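Observations on chain architecture
Residue-level listing of the chains:
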Amino acid sequence: MKFHYFKVDLTVFLIILLILFFTLFCGDLFPFLTIFLIKYRFYFLVFTLMAIIYLYSPFPKREKQTLKSFFFCSIIPLLFCLVTTFSINLLLSSIASYTGIQNKQIFNYPATASSWAKILIQFLFMAVYEEITFRFYLPDMMKHLVCIKKENKYLKLLCEIFACLLFAFGHFYMGILAVINALLAHIIFRIVYIKTDNILVTTTAHFIYNTISLTLL
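Rules used in this analysis
- Residues numbered from 1 in each chain as written.
- Predicted model: local features only at pLDDT ≥ 70, side-chain atom pairs only at ≥ 80, totals over all residues.
- Heavy atoms only, no water.
- Helix = DSSP H or I, 4+ residues; strand = E, 2+ residues; numbered from the N terminus.
- Contact = heavy atoms within 4.5 Å.
- Polar contact = N/O pair within 3.5 Å; in protein donor to acceptor, adjacent residues only side chain to side chain.
- Core = buried A, V, L, I, M, F, W, Y, C linked by side-chain atoms within 4.5 Å.
- Buried < 20%, exposed > 50% of the residue type's maximum accessible area, 1.4 Å probe, protein only.
- Expected span 1.5 Å × (residues − 1).

**Description of the environment of Thr 85**
Tracing the backbone shows Thr 85 in helix 3 (residues 67-99). Sequence spacing of Thr 85 and Leu 184 is 99 residues, and the spatial spacing of their C-alpha atoms is 8.0 Å. Setting aside residues up to four positions removed in sequence, Thr 85 forms contacts with Ala 185, Phe 189 and Tyr 209. Looking at Thr 85, its side chain comes within polar contact range of the main-chain oxygen of Leu 82, at 3.1 Å.

This is how it looks when you write it as structure tokens:
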């Protein structure tokens, strides 16, 4: 198991949190300062966080996986993520039709093979980036930092709430319904990640959900 150094963990965490706040909330206030981070944030954070996982995670040996265990530990959680998130999407769409509130459209339907390829690559990077950042790194690292001396369930809950709200309001540029949708989706994906301890399940579900809901629905 890799050994954690509190000062190193705190420094890396604050740097990543600062980048997230700038790219999610401060682009209009500091356009010249954030243009580089906004343009390269997916690439920078994905590879940075992958390096963090490699350096700090213990990588325990898993038991031999059978077809049955793969089905119950991967396929069923994946289907659960998709069914629940699309159900929420359907519910919010019904609310939108009655209230007149609509999310802002930020993607156009791909018309060519090259545009399909570009948008799918973008969705893949978004899914990897958001799952590693919001479902894995932020809540777990915050709990590691604030509970370094003593476990506290209330502080751990606050860490979960902070990561959830940061992810949800990071979608505010799309409208209030997108914030609600992201908040509920985060809760579902986070629960599934905790239960499965497999970020690939939620990343796959996230990618499929984005691809279908933003290009076909």
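**Points about unusual backbone geometry**
Excluding glycine, a negative phi dihedral is what most residues carry, and trans is how most peptide bonds are arranged. Even without being glycine, Asp 197 reaches a positive phi, approximately 55°. Structurally, the position occupied by Asp 197 is in the loop between helix 6 (176-196) and helix 7 (199-215).

**Side note on the nonpolar core**
Side chains that are nonpolar tend, in soluble globular proteins, to be buried together. Among the nonpolar cores identified, the biggest contains 20 residues, and Phe 13, Leu 20, Phe 134, Tyr 137, Leu 138, Met 142 and Leu 166 are the most heavily contacted of them. Secondary structure elements with two or more residues in this core: helix 1 (6-25), helix 4 (113-146), helix 5 (153-169) and helix 6. Here this core gets 10 residues from one element, more than from any other, and that element is helix 4.

**Focus: helix 6**
The terminal C-alpha atoms of helix 6 lie 30 Å apart, and with 21 residues this matches the ideal 30 Å at 1.5 Å per residue to within 8%. Downstream of helix 6 by one or two residues, Asp 197 has phi in the positive range, about 55°.

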